[in-house]
Amino acid sequence: MIQIKNLHKRFGKLVVLDSLDLEIKTGGIFAILGPNGSGKTTLIKSILGMVIPNKGDIKFKQKSVLQQWGYRNQINYLPQIANFPANLTVNELIEMVKNLRPKQAGEQELISLFGLEPFLNKKLGNLSGGTKQKVNIVLTFMFDSELIILDEPTTGLDPISLISLKMIIQKEKEKGKTILITTHIMSLVEEIADKIVFLLDGNIYFKGSVSELKEKTGQDDLEHAIAKIISRKDV
Amino acid sequence: MINEIFIISLKRSFFILTLFLSVNIFAQQIEVCETCEFSDIQTAIDSSKNGGIILIKKGHYKVKNLTITKSIHIIGEDLPIIDGQFKEYVFKINANDFSLEGLNIINPGQSYTKDFAAVLVSKSKNFSIKNNILEKVFFGLLIEKSRYGSISNNEVSSDGVDEAGSGNGVHLWNCSNMKVYNNELYNLRDGIYFEFVKKSEIYENYSHHNIRYGLHFMFSNNNNYHHNKFYKNGAGVAVMFSKFIEMRHNKFLENWGSASYGLLLKEIYDAEIENNLFEQNTIAINVDGSTRINYKNNTFSRNGWAVKVVGACYENIFFQNNFMNNAFDLSYNSKINSNKFDKNYWSDYSGYDLDKDGIGDIPYRPVKLFSYIVNRTPETIVLLRSLFVDIINFSEKVSPVFTPDNLTDNQPLMYMIQ
Amino acid sequence: MFKILKYSFYDLMRSRWSYVYFIFYLALGFILLFLNNDVNKAVITLMNIIIVLTPLIGTVFGVMYYYNSKEFTELLLAQPIKRSKIFMGQYLGISISLTLSLVLGLGIPFVAYGLFRSSAIFDFSLLLLVGAFLNFIFVALSFNIALSNENKIKGFGYAILMWLFLAVIYDGVFLTFLVFFNEYPLDKFSLIATMFNPIDLSRILILLKLDISALLGYTGAVFRKFFGTNLGMTLSIFILVLWIIFPVWRMNRKLKKKDF
């Protein structure tokens, strides 16, 4: 589904991605992990075209995405921070995003799942962080797209919503969708991820399943395994 | 028999009547027209006697230097055209008690050395020139060394394009006790020009679109002009080297353009300027040397400069005038000596009136720092009304450095004078 | 683009600040007209305010909107829309809503006062036109500054500095220069210097209709020629249009390489 070749990205003097190659096949959940500043978000944003790479190419379904925008119709994206125009209501925001995307949307189910009905006519500026994140999730999953990118989807969610979110993700996976997730919650990764892509110093340090990673590091626990990678690197 | 007698008596009375009428005609009125006994105006004039009337009927008369030296009255019927064919003068008059009315006098000669005019009047008195239309004139009415004449209800125009190639509408030289009123003058060099004219009155004229001045005084004392309107002239009125001129109830409008002004005062003494309206002139009053002038109840509205002083100025009093929305109320580049501003209304005044007596509690300073700067560097005018200029004006107002400390109106009015 | 425009316009039209801005102009219009009773004077006072205030408000609104809607913009960027359309939509949304506040805020009192019967209608329309131009110009300029500065505080600082420079400092330097090089012919220089500052240009444009044309004629032939004819008016408006086009063009160019 996605082929990334020789991807370079610098922010000023800071090299964030350094000749990164990555291929993500269709179907399954990919967890993109790595320490802070390893380039997870940059990688995701490069795929979405929000960050313009210095070098390299990104292909989505065999077509380069650089300076393109139409392909984003096939991607659902959940941004890290949910902040919306303060004076629009939830309903208007949903209508607006629907308006921007020329495809079918099924927001009703999601709205009732997260119990957002009472908030539909409230202004976004008056919502709590958690509620905003729920709105954010609704906006992401209401479209039927082949690729779903989630950047820290659990931020600010209460346990019940978290369970709902996991449920949605599983459902999408079953439909054969490709899902990219960045998160710091390892339990979530263990629970749902099919494959792990571990970024370190702007490159891919490891790519494989959770068990492969445990095997490679000799740890039974994912958190420890990851800690080991990072600490070994430091030595 | 009876019949015969009747016829004879009828014939006789007819004869007497005819005789009476023809005597009347020969003594008092001569008609001029193409088919009349007199078709030539000069011949008619020559044939007339003092007190006679020459009635010129409608027609187009080509003439040159019509000369009048008798007390006669020339009256046009239905505006006959008296065409000077661009040769010298149309009328040359040297007579007392004459009148000239109802004529359409056109095309006097043009010259760079001689002042050819539609009507030249010299050394005459008690005359009246009225209801004429003078077109394509070089000079219109040129009156010299004359007294007690009146010029009224005439329309004088030309198609002047530059100062050198055009003359004045009503030009008086060395005259006294004249009246010029209700005339319309346009497209001339000066609408009305007075040189060495005394004790004369100019009123209710409308002088517009003249190349130089609407009205021009040179060395003319004790004159009075009022209720005139000066619109879109090179400059409205120029009063130069004259004393005791009264200027009241005139309108100076839109004398607008580079170096243009409503009223120019040059070396003037003892004048009264009252109840005039100055609106949208580049400079409402340009003062180049003036002493003992009283400005009262004038309204200065939307002029570039309301009063611009470029020469010495002594003992002038500005009392109860309205200064409204002028770019500059007052500007000067010499010392302003012993002039007084009192109880004027200034639209730029931003003071307060706590005791509610209609008079602002803090003095107003009519000279702004920016007007001082513009005087020195005219190009800075492009910064007019910019925030920076407001800031420097304000700081100057708070602590005057460049503008004279004592030049203030200590009793600025809160409301304009109606 | 029109979808984005529509929603950011809705959003702004419901913001408290739009109302404050609208009510400010409304109050100003009523106070000027009904306390003064003189449309001509009101137009001049308004000019002073519009020339200074619209650029300031445009700048502040532009920068604030950009930084405040940053996350939302990111959400939009992930949608299948061209980047330039998102920003053009937002840009137009702000500019139009600010212009609407201005036009309605001042228009209502003037119409109530009987503007249509007054001869000042042309001056007044020109005033609103110039105000609209300044809104569009300064929102575009502030967007440029915001796009070039990730740091909100810095961006805000630069934007205010830009306003201060164009509204005050520029004229100060200009004036000093004119006074200092007094003996040289300066009219061409002044003319060009005016063109390089949209605030000065707008001011001149209004003054041409109010009172300056003949005053400028007082100085030199170049001024007289330029400002005495319709050429000055036409050219000034043309350059104001350029003042919108250039920042918008740069904004779009900057966008192509910008990371979010």
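Cut-offs and rules
- Residues numbered from 1 in each chain as written.
- Chains lettered and ligands numbered in written order.
- Predicted model: local features only at pLDDT ≥ 70, side-chain atom pairs only at ≥ 80, totals over all residues.
- Heavy atoms only, no water.
- Helix = DSSP H or I, 4+ residues; strand = E, 2+ residues; numbered from the N terminus.
- Rg over C-alpha atoms; globule rule 2.2 N^0.38 Å.
- Buried < 20%, exposed > 50% of the residue type's maximum accessible area, 1.4 Å probe, protein only.
- Contact = heavy atoms within 4.5 Å.
- Areas by Shrake-Rupley, 256 points an atom, 1.4 Å probe, with all protein chains shown as cover.
- Lys, Arg positive; Asp, Glu negative; His and termini not counted.
- Charge placed at Lys NZ, Arg CZ, Asp CG, Glu CD.
- Disulfide = S-S within 2.5 Å.
- Axes fitted to C-alpha atoms, helices over the stretch in contact; angles between N-to-C directions.
- Parallel < 35°, antiparallel > 145°, perpendicular 65-115°, else oblique.
- Left-handed = near helix turned anticlockwise from the far one by under 90°.
- Nonpolar A, V, L, I, M, F, W, Y, C, P; charged D, E, K, R; others polar.
- Core = buried A, V, L, I, M, F, W, Y, C linked by side-chain atoms within 4.5 Å.
- Pairing = 2+ DSSP bridges.
- Expected span 1.5 Å × (residues − 1).
- Arc of directions from axis to C-beta.
- Salt bridge = Lys/Arg side-chain N within 4 Å of Asp/Glu carboxyl O.
- pLDDT = per-residue confidence, 0-100.
- Buried area = accessible area lost by both parts, 1.4 Å probe.
- Polar contact = N/O pair within 3.5 Å; in protein donor to acceptor, adjacent residues only side chain to side chain.
- Phe/Tyr/Trp six-rings, centres within 6.5 Å; stacked < 30°, edge-to-face > 60°.
- Lys NZ or Arg CZ within 6 Å of the ring centre and 35° of its normal.

A. Up close: the overall build of chain C. Within chain C, the secondary structure is distributed over 12 helices and 0 strands. For a compact globule of 260 residues, the expected C-alpha radius of gyration is about 18 Å, and chain C comes in at 20 Å, within 12% of that figure. A principal-axis box enclosing the C-alpha atoms of chain C has dimensions of 60 × 45 × 30 Å. In chain C, buried positions account for 60% of the 260 residues. Expressed as a percentage of contacts within chain C between residues at least 6 apart in sequence, the contacts between residues at least 24 apart total 83%. Accessible surface for chain C amounts to roughly 10600 Å². Of this, 71% is attributable to carbon and sulfur atoms. Between the averaged position of the 23 positive side-chain charges in chain C and that of its 12 negative side-chain charges there is a distance of 10 Å.

B. Seen up close, the state of the cysteines. Residue and element names in this part refer to chain B. Using the criterion set out here, one finds 1 disulfide over all chains in the structure. The residue that forms a disulfide with Cys 33 is Cys 36, at a sulfur-sulfur distance of 1.9 Å. Here the S-S torsion is close to 100°, and the disulfide linking Cys 33 with Cys 36 is therefore right-handed. By relative accessible area, which is 11% here, Cys 33 ends up buried.

C. Quick look at the packing of helix H1 (residues 2-13) of chain C against helix H5 (residues 83-113) of chain C. All names here are of chain C. Viewed as axis vectors pointing N to C, H1 and H5 meet at an angle of 40°, and their least axial separation amounts to 8 Å. Looking at the two axes, H1 sits oblique to H5. Crossing angle aside, the handedness with which H1 passes H5 is right-handed. Together, Ile 4, Leu 5, Ser 8, Phe 9, Leu 12 and Met 13 of H1 and Lys 85, Ile 86, Gly 89, Gln 90, Leu 92, Gly 93, Ile 94, Ile 96, Ser 97 and Leu 100 of H5 make up the contact between the two elements. Residue composition of the contact of H1 with H5, grouped by class: 10 nonpolar, 5 polar and 1 charged.

D. The side chain of Asn 255 of chain B, seen in detail. For Asn 255 of chain B, the location among the structural elements is in the loop between strand E27 (251-253) and strand E28 (261-274). Once residues lying within four places of it in the same chain are set aside, the contact partners of Asn 255 of chain B are Phe 230, Tyr 231, Lys 232, Asn 233, Ala 235, Gly 236, Ser 260, Tyr 261, Gly 262, Gln 280, Asn 281 and Thr 282 of chain B.

E. Structural detail: the nonpolar core. Ranked by size, the top nonpolar core spans 174 residues in total, and within it Ile 2 of chain A together with Phe 87 and Tyr 91 of chain C carry the most contacts. Setting aside anything within four residues of it in sequence, one finds Ile 2 of chain A in contact with Leu 22, Glu 23, Ile 24, Ile 47, Ile 58, Lys 59, Phe 60, Leu 147 and Leu 180 of chain A. In this structure, Leu 188, Ile 202, Val 237 and Leu 263 of chain B belong to the second largest nonpolar core, which totals 82 residues.

F. Quick look at the sheet that holds strand E2 (residues 14-24) of chain A. All names here are of chain A. Here we have 4 strands laid out as an open sheet, ordered E2-E1-E4-E5, and antiparallel in their pairing. Across the chains shown, the open sheet's two edge strands, defined by having one partner strand only, are E2 and strand E5 (63-64). Judged from the 5 bridges that link them, strand E1 (residues 2-11) and strand E4 (residues 55-60) form a sheet pairing that is antiparallel. Opposite Ile 2, over in E4, you have Phe 60 as the bridge partner.

G. Geometry of the packing of helix H2 (residues 90-100) of chain A against helix H4 (residues 129-141) of chain A. Residue and element names in this part refer to chain A. H4 packs onto H2 with a crossing angle of 25° between their chain directions and a minimal axis gap of 10 Å. One finds that H2 runs roughly parallel with respect to H4. The two elements H2 and H4 cross, and the hand of that crossing is right-handed. Of the residues in H4, those touching H2 at Val 90, Leu 93, Ile 94 and Val 97 are Val 135, Val 138 and Leu 139. Here the residues of the contact of H2 with H4 are counted per class, giving 7 nonpolar, no polar and no charged.

H. Region of interest: helix H4 (residues 387-398) of chain B. Under the 1.5 Å per step criterion, the end-to-end length of H4 of chain B is 17 Å for 12 residues, consistent within 8% with the ideal 16 Å. Taken together, the buried positions of H4 of chain B are Phe 388, Val 389, Ile 392, Asn 393 and Glu 396 of chain B. Here the buried residues of H4 of chain B occupy an arc of 135° about the axis, which is enough to place them on one side. Structural note: H4 of chain B exposes Phe 394 and Val 398 of chain B on the side pointing more than 90 degrees away from its buried face. Contacts from the buried residues of H4 of chain B go to helix H3 (369-376) of chain B together with helix H7 (152-180) of chain C.

I. Focus on the pattern of salt bridges. If you walk through the whole model with that rule in mind, you get 24 salt bridges over all chains. Among the charged side chains, a salt-bridge network with shared partners connects Asp 144, Glu 172, Lys 175 and Lys 177 of chain A.

J. Fine view of the sheet that holds strand E7 (residues 147-151) of chain A. All names here are of chain A. Pairing in this open sheet of 6 strands is mixed, and the strands run E6-E7-E8-E3-E9-E10 from one edge to the other. Looking along the sheet, the strands with just one partner apiece sit at the ends: strand E6 (75-78) and strand E10 (203-208). Here the average twist between neighbouring strands, direction ignored, is 15°. As judged from the 5 bridges shared by E7 and strand E8 (residues 178-182), these two strands associate in the parallel manner. Within E8, the residue paired with Leu 150 across the bridge is Ile 181.

K. Focus on unusual backbone geometry. Residue and element names in this part refer to chain B. The phi torsion at Glu 267 lies on the positive side, around 50°, for a residue other than glycine. Secondary-structure assignment places Glu 267 in strand E28. Taking the relative accessible area as the measure of exposure, Glu 267 reaches 31% and is therefore partly exposed. The phi dihedral of Gln 320 is positive, around 55°, even though this residue is not glycine. Along the polypeptide, Gln 320 turns up in the loop between strand E34 (317-319) and strand E35 (322-324). With relative accessibility at 24%, the residue Gln 320 sits in the partly exposed group.

L. Quick look at the confidence of the model for chain B. Considering every residue of chain B, the mean pLDDT works out to 85; 92% of them sit at 70 or more. A low-confidence stretch, residues 19-27 of chain B stays under pLDDT 50, and its non-local contacts, those more than four residues away or across chains, total 4 contacts.

M. Examining the side chain of Glu 396 of chain B more closely. Residues and elements named next belong to chain B. Positionally, Glu 396 belongs in helix H4. The charged side chain of Glu 396 is buried without a salt bridge, its nearest counter-charge being Arg 365 at 6.5 Å. Ignoring sequence-local partners within four residues, the contact set of Glu 396 consists of Leu 369, Val 401, Phe 402 and Thr 403.

N. Examining the interface of chain A and chain C more closely. Facing the 34 residues of chain A at the interface are 25 residues of chain C. Summed over the three residues of chain A that lose the most area to chain C, namely Met 50, Trp 69 and Leu 100 of chain A, the buried surface amounts to 23% of that side. On the surface where chain A and chain C come into contact, there are 2 salt bridges. A salt bridge links Glu 74 of chain C to Lys 45 of chain A; the nearest nitrogen and oxygen atoms lie 3.4 Å apart. Along the contact surface separating chain A from chain C lie 9 residue pairs in polar contact (both at pLDDT 80 or more). Of all the elements in the fold, those that place two or more residues in the side of chain A that touches chain C are E1, helix H1 (40-48), H2 and H4 of chain A. By residue number, the principal contributor to the side of chain A that touches chain C is H2 of chain A, which donates 7 residues. Class assignment of the residues belonging to the side of chain A that touches chain C gives a composition of 19 nonpolar, 8 polar and 7 charged.

O. Inspection of the packing of aromatic side chains at higher detail. Summed over the entire model, instances satisfying the criterion amount to 40 aromatic pairs over all chains. An angle of 80° between the planes, with centres 6.2 Å apart, marks the rings of Tyr 91 of chain C and Phe 136 of chain C as edge-to-face. With Tyr 91 of chain C in helix H5 and Phe 136 of chain C in helix H6 (residues 121-148), this residue pair connects regions lying 45 residues apart in the sequence. Taking relative accessible area as the criterion, Tyr 91 of chain C reaches 1% and is therefore assigned buried. Residue classification places Phe 136 of chain C among the buried residues on the basis of a relative accessible area of 18%. For Arg 101 of chain A, the ring lying beneath its charged end belongs to Phe 143 of chain A, and the centroid distance is 4.9 Å. Residue placement shows Lys 216 of chain A over the ring face of Tyr 205 of chain A; its charged tip is 5.3 Å from the ring centre.

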